[in-house]
Amino acid sequence: MKLAIVGGGPAGLYLSILLKRQDPSHDIAVYERNPEGSTYGWGVTYWAGLLDKLRAGDPESAAAVAEASVTWTDGVAIVRDERTVHRGDAGFGIGRRRMLALLADRAEELGVRVEFEHDIPGPDAPELAGADLVVAADGVNSALREAHADHFGSEVASGRNHYIWLGTTKVFDSFSFAFKETEHGWIWCYAYGFSGERSTCVVECSPETFTGLGLDTRGEADSLNLLEKLFHDLLDGHELIGRERADGTAQWLTFRTLTNRVWHRGNLVLLGDAAHTTHYSIGAGTTLALEDALALADALRAPGDLDAALTAYGKRRRAELVSAQSAARYSAQWYENLPRYMNLEPAKMFALLGQRHSPLLPHVPPQLYYRIDRAAEQLEALRRLKRWLGPRVARAVHGRR
């Protein structure tokens, strides 16, 4: 087969590796619009289950990613000025640029042509002519998808809160949170290490806090100076970095959740953020994109024609994403309703932070939910009731709207 993959992010590069391993005779090109080594974001997170899947797909790239990653087991939260610790499962962080470099090197080693600074503006680009399969891995703003948006049934929902993706020279050894109350409302930060030199910091706040603090009008340097003062106890005097590259500037954004009714049209198929996005607060974006690649490679390995394979891939992934998309939706809503939880003592607030994916939590007073959750840890019958009740309460509430 001749395959054209548009977009050199983790999903596109990993798919090229998987397909080249399946059949070295495939003619595969990856077209990336940006220069080599240029990427948005700082570090990405994942959990141990992803490494197991990557090892099954390509042990060499999985080993390289694992070796370049850092790990943590604890969660730490600073609420106002009080610090609390939560023990949890091991998590991993890796620099996005480092991950892309490792995957690009592995793809080229296998014979994939990875072409940087090569923009594909739409489905009529000459590079796509004659391709048996065209993969739109060109992100949430996919030009290939937008050319046929009505066919794909694309829908985008914008979140309420503002956020900004920053770096810092402080190296965190745990997944850390800080919640600060200002005269204009709450502002908070998620922080995690991804190398021995840098960490990621994502700062978020409500629209009222955003404008009240003047973050809508401040320049980058002034904004970073304010954020460093607000989160001084989290950063321990380290600086925040807005620009990962000299030609880039950090931007305040609102998160856009993208869904598509179908994932392919003829020989064009969607992958990663071109197909779906999930709120960053569940830390699953890169994992879900790589799982797309694994599922698409698996579908293309099965006997049958291309249309049947692409249909099966889309159907499988849309079903598998239901749980993650639900968790992301409730997680985003938890932060959008943050003041509801901030009268709790810090340890209880942090416990409910860990429960933010629950469909029951928004409909039960926080203090009562905390007591139910603690009791459910001891009583299996109550634990089953809690799992059964959550979706039904959520459906009943949504049904009345």
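The structure displayed is predicted, hence computed values, not measured ones.

## Topic: the overall build of the protein
A count of helical and extended segments in the protein gives 14 helices and 16 strands. The C-alpha atoms of the protein give a radius of gyration of 22 Å, which matches the 21 Å a tight globule of 401 residues would have. Projected onto the principal axes, the alpha-carbon positions of the protein cover approximately 60 × 50 × 40 Å. Taking the intrachain contacts of the protein between residues at least 6 apart in sequence as the baseline, contacts between residues at least 24 apart amount to 71%.

## Some details on the packing of helix H1 (residues 10-22) against helix H10 (residues 285-301)
Interaxial distance between H1 and H10 falls to 9 Å at its minimum, and their mutual angle equals 30°. In terms of orientation, H1 and H10 fall into the roughly parallel class. Note on packing geometry: the crossing formed by H1 with H10 is right-handed. Contacts from Pro 10, Ala 11, Tyr 14, Leu 15, Leu 18, Leu 19 and Gln 22 in H1 reach Thr 286, Ala 289, Leu 290, Ala 293, Leu 294, Leu 296, Ala 297, Asp 298, Leu 300 and Arg 301 in H10. Residues of the contact of H1 with H10, tallied by class, amount to 13 nonpolar, two polar and two charged.

## Digging into the pattern of salt bridges
On inspection of all chains with the given rule, the structure shows 25 salt bridges. For Asp 58, the salt bridge identified is with Arg 106, shortest N-O distance 2.9 Å. One end of the pair, Asp 58, is in the loop between helix H2 (48-57) and helix H3 (59-67); the other, Arg 106, is in helix H4 (residues 96-109), and 48 residues separate them in sequence. Like Asp 58, the residue Arg 106 is buried in the burial classification. Ionic pairing is found between Glu 60 and Arg 106, a salt bridge with its closest N-O pair at 3.2 Å. Within this pair, whereas Glu 60 is found in helix H3, its partner Arg 106 is found in helix H4, the two being separated by 46 residues in sequence.

## Topic: H10
Since the α-helix turns once every 3.6 residues, residues separated by three or four places project in the same direction. The first and last C-alpha atoms of H10 sit 25 Å apart over 17 residues, in line with the 24 Å expected at 1.5 Å per residue. A large share of H10 lies buried, amounting to 14 of its 17 residues.

## Some remarks on the nonpolar core
Grouped together as the largest cluster of nonpolar side chains are 67 residues, with contacts concentrated most on Tyr 14 and Leu 15. Ranked by the residues each element gives to this core, the list is headed by H10, at ten residues.

## Some words on the sheet that holds strand S3 (residues 43-47)
Each strand in a sheet pairs with its neighbour through backbone hydrogen bonds, running either in the same direction (parallel) or in the opposite one (antiparallel). With respect to topology, eight strands assemble into an open sheet ordered S3-S5-S4-S10-S11-S12-S9-S13, the strand pairing being mixed. At either end of the open sheet lies a strand with only one pairing partner, and these are S3 and strand S13 (240-241). Note: strand S4 (residues 70-79) against strand S10 (residues 175-182), five bridges, orientation parallel. Across the sheet, Val 76 pairs through a bridge with Ser 176, a residue of S10. Packed onto the sheet, helix H12 (residues 346-353) meets S4, strand S5 (82-95) and S10 and runs at close to 30° relative to S5.

## Concerning the packing of aromatic side chains
Here the structure, examined in full by the defined rule, presents 19 aromatic pairs. Over the ring of Tyr 330 we find Arg 329; its NZ or CZ atom is 5.3 Å from the centre of that ring.

## Concerning the packing of H2 against H10
How two helices pack is summed up by the angle between their axes together with the distance between the axes. Where H2 contacts H10, the axes come no closer than 11 Å and their chain directions differ by 30°. Taken together, the axis directions place H2 and H10 in an arrangement best described as roughly parallel. Relative to H10, H2 is oriented so that their crossing is left-handed. Contact with H2, carried on its side by Leu 50, Lys 53, Leu 54 and Gly 57, involves Thr 287, Leu 290, Glu 291 and Leu 294 of H10 and no other residues of that element. Of the residues in the contact of H2 with H10, the class split is four nonpolar, two polar and two charged.

## Details of the pairing of S3
As a general feature of sheets, a regular strand has side chains that alternate between the two faces. Buried residues dominate S3, accounting for four of its five residues. Alignment of S3 against S5, held across five bridges, turns out to be antiparallel. Bridge assignment links Trp 47 to a residue of S5, and that residue is Gly 91.

## Some words on helix H13 (residues 366-376)
Every buried residue of H13 is accounted for by Pro 366, Tyr 369, Tyr 370, Asp 373 and Ala 376. Mapping the buried residues of H13 onto a view down its axis gives an arc of 130°, with all of them on the same face.

## Examining the environment of Val 262
Along the polypeptide, Val 262 turns up in the loop between strand S14 (256-259) and strand S15 (264-265). Residue classification places Val 262 among the partly exposed positions, given a relative accessible area of 26%. Separated by 111 residues in the primary sequence, Val 262 and His 151 have C-alpha atoms spaced 7.6 Å apart. When sequence neighbours within four positions are dropped, the list of residues in contact with Val 262 reads His 151, Phe 152, Leu 270 and Arg 318.

So, how was this worked out
Residues numbered from 1 in each chain as written. Predicted model: local features only at pLDDT ≥ 70, side-chain atom pairs only at ≥ 80, totals over all residues. Heavy atoms only, no water. Helix = DSSP H or I, 4+ residues; strand = E, 2+ residues; numbered from the N terminus. Rg over C-alpha atoms; globule rule 2.2 N^0.38 Å. Contact = heavy atoms within 4.5 Å. Axes fitted to C-alpha atoms, helices over the stretch in contact; angles between N-to-C directions. Parallel < 35°, antiparallel > 145°, perpendicular 65-115°, else oblique. Left-handed = near helix turned anticlockwise from the far one by under 90°. Nonpolar A, V, L, I, M, F, W, Y, C, P; charged D, E, K, R; others polar. Salt bridge = Lys/Arg side-chain N within 4 Å of Asp/Glu carboxyl O. Buried < 20%, exposed > 50% of the residue type's maximum accessible area, 1.4 Å probe, protein only. Expected span 1.5 Å × (residues − 1). Core = buried A, V, L, I, M, F, W, Y, C linked by side-chain atoms within 4.5 Å. Pairing = 2+ DSSP bridges. Phe/Tyr/Trp six-rings, centres within 6.5 Å; stacked < 30°, edge-to-face > 60°. Lys NZ or Arg CZ within 6 Å of the ring centre and 35° of its normal. Arc of directions from axis to C-beta.

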